[in-house]
Amino acid sequence: QKEVEQNSGPLSVPEGAIASLNCTYSDRVSQSFFWYRQYSGKSPELIMSIYSNGDKEDGRFTAQLNKASQYVSLLIRDSQPSDSATYLCAVASGGYQKVTFGTGTKLQVIP
Amino acid sequence: GAVVSQHPSWVICKSGTSVKIECRSLDFQATTMFWYRQFPKQSLMLMATSNEGSKATYEQGVEKDKFLINHASLTLSTLTVTSAHPEDSSFYICSAPTGSVTEAFFGQGTRLTVV
């Protein structure tokens, strides 16, 4: 059974702070890793994808992957109230087949 | 960018009736589409993989006779919830990989409420 674990939160951070979201996965052959943002009642939207160890930065977002530790994280710098949402970690063993989603971490950015 | 359109965005139906949900890829061809279900405060659970021109592949525990999937063209997949019951009330989401990248785009989702 492939598993993707996330802390459900809520994670509360003040506006302007760095939010750190974590995810662990059980399938060692996983190759593709995604972070999605989901607002209440809406579909997920892709924020970041990462495929190799290390950091990947895109604007205020940085994804970090450590395959040896089976760990992927998302850092949000200068957090804004509009970042308040549930963040889903998703893992795939190859391509976009059989993607497994975590249960999500709810982020609250306090103005 | 690639867009996936899902319709309707919400539907309320009576118990025992059937509901059809459409998923369209608007500017790309999708030989494969995925159907997910999401219950409140839970993650997305893959229900089935829709394959153009062939039968859908259902995940374990998903009743193929209850959740009918048709993928008759390269841009359209439909999910029909037959004989819906209140426990089928959920958020149904489709997604389609674009083919050139290892990512997929999601439809807007359909909130189904069975009363």
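The structure this text deals with has already been given above.
From a predicted model like this one, the values you see are computed outputs, not experimental measurements.

Participant: Could you give me a rundown of the interface of chain B and chain A, with the residues and numbers involved?
Facilitator: On the chain A side, the residues contacting the 19 residues of chain B number 20 residues. Summed over both partners, the interface of chain B with chain A comes to about 1,500 Å²; 54% of that surface belongs to carbon and sulfur atoms. Inspection of the chain B/chain A interface yields zero salt bridges. Every element with two or more residues in the side of chain B that touches chain A is listed here: strand 4 (32–38), strand 9 (90–97) and strand 10 (104–106) of chain B. Looking at the side of chain B that touches chain A, the element that brings in the most residues is strand 9 of chain B, giving four residues. Here the residues of the side of chain B that touches chain A are counted per class, giving nine nonpolar, seven polar and three charged.

Participant: If you had to explain the layout of surface pockets to someone new, which residues and values would you point to?
Facilitator: Reported here for the second largest pocket is a volume of approximately 600 Å³. Residue lining of the second largest pocket: 25 residues in total, with S40, T86 and K106 of chain A together with P40 and K41 of chain B positioned closest to the centre. Sorting the residues of the lining of the second largest pocket by element identifies strand 9 (85–92) and strand 11 (105–110) of chain A as the ones contributing at least two each.

Participant: How would you explain the pairing of strand 6 (residues 54–58) of chain A if you had to name every residue and give the values?
Facilitator: Residue and element names in this part refer to chain A. When strand 6 meets strand 7 (residues 61–66), the two strands line up antiparallel, connected through five bridges. By the bridge assignment, D55 is partnered in strand 7 with Q64. Hairpin connection from strand 6 to strand 7: two residues lie between these consecutive antiparallel strands, with G59 at a positive phi of about 65 degrees.

Participant: Could you give an account of unusual backbone geometry, naming the residues involved and the relevant values?
Facilitator: In this model, G9 of chain A is joined to P10 of chain A through a cis peptide bond whose omega is 10 degrees. Here P10 of chain A is to be found in the loop between strand 1 (4–5) and strand 2 (11–14). A positive phi angle, near 45 degrees, is found at D78 of chain A, a position not held by glycine. Counting through the fold element by element, D78 of chain A comes out in the loop between strand 8 (71–76) and strand 9. Given the relative accessible area of 41%, D78 of chain A is considered partly exposed. One non-glycine residue with positive phi stands out, namely S83 of chain B, at about 45 degrees. Positionally, S83 of chain B belongs in the loop between strand 8 (76–81) and strand 9.

Participant: Run through the packing of aromatic side chains, naming residues and quoting values.
Facilitator: Per the counting criterion, the structure on display carries nine aromatic pairs over all chains. Among the aromatic residues, ring-to-ring pairing joins F34, Y36, Y51 and F101 of chain A together with Y36 and F106 of chain B into one connected group. Positioned above the aromatic ring of F61 of chain A is the side chain of R60 of chain A, whose terminal nitrogen or guanidinium carbon lies 5.5 Å from the ring centre. Looking at K66 of chain B, its charged tip hangs above the ring of F67 of chain B, at a distance of 5.9 Å from the centre.

Conventions adopted
- Counting from 1, residues in each chain are numbered in the order their sequence is written.
- Naming scheme: in the order in which they are written, chains are lettered from A and ligands are numbered from 1.
- Residue-level local features of this predicted model are given only where pLDDT is at least 70; pairs of side-chain atoms are given and counted only at 80 or more, and the full residue set underlies all totals for whole chains, interfaces and linings.
- No hydrogens and no water enter the side-chain calculation; it runs on all heavy atoms of the structure.
- Any two residues whose heavy atoms approach within 4.5 Å are treated as being in contact.
- Buried area is a sum: the accessible area each of two parts loses on coming together, probed at 1.4 Å, counted once for each and added.
- For salt bridges, the criterion is a side-chain nitrogen of Lys or Arg within 4 Å of an Asp or Glu carboxyl oxygen.
- Helix and strand definitions follow DSSP, with helices as H or I runs of at least four residues and strands as E runs of at least two, each counted in order from the N terminus.
- Note on residue categories: nonpolar means Ala, Val, Leu, Ile, Met, Phe, Trp, Tyr, Cys or Pro, charged means Asp, Glu, Lys or Arg, and polar means any other residue, Gly included.
- In the cavity and pocket records, a cavity denotes points on a 1 Å grid over the protein atoms alone where a 1.4 Å probe fits but cannot get out, a pocket denotes an open set with protein on both sides within 12 Å along at least 5 of 7 lines, and lining residues are residues with an atom within 4 Å of a point.
- Grid points are joined across faces, edges and corners, and a volume is the space filled by probe spheres set on the points.
- Strand pairing is assigned whenever DSSP detects at least two bridges linking the two strands.
- Partly exposed describes any residue whose relative accessible area lies between the buried limit of under 20% and the exposed limit of over 50%, with all areas from a 1.4 Å probe on protein chains only and scaled to the type maximum.
- Any Phe, Tyr or Trp ring, taking Trp's six-membered ring, that has another such ring centre within 6.5 Å forms a pair; planes under 30 degrees apart are called stacked, those over 60 apart edge-to-face, and the others tilted.
- Two conditions define a charge located above a ring, namely a distance within 6 Å from the ring centre to NZ of Lys or CZ of Arg, and an angle within 35 degrees of the ring normal.

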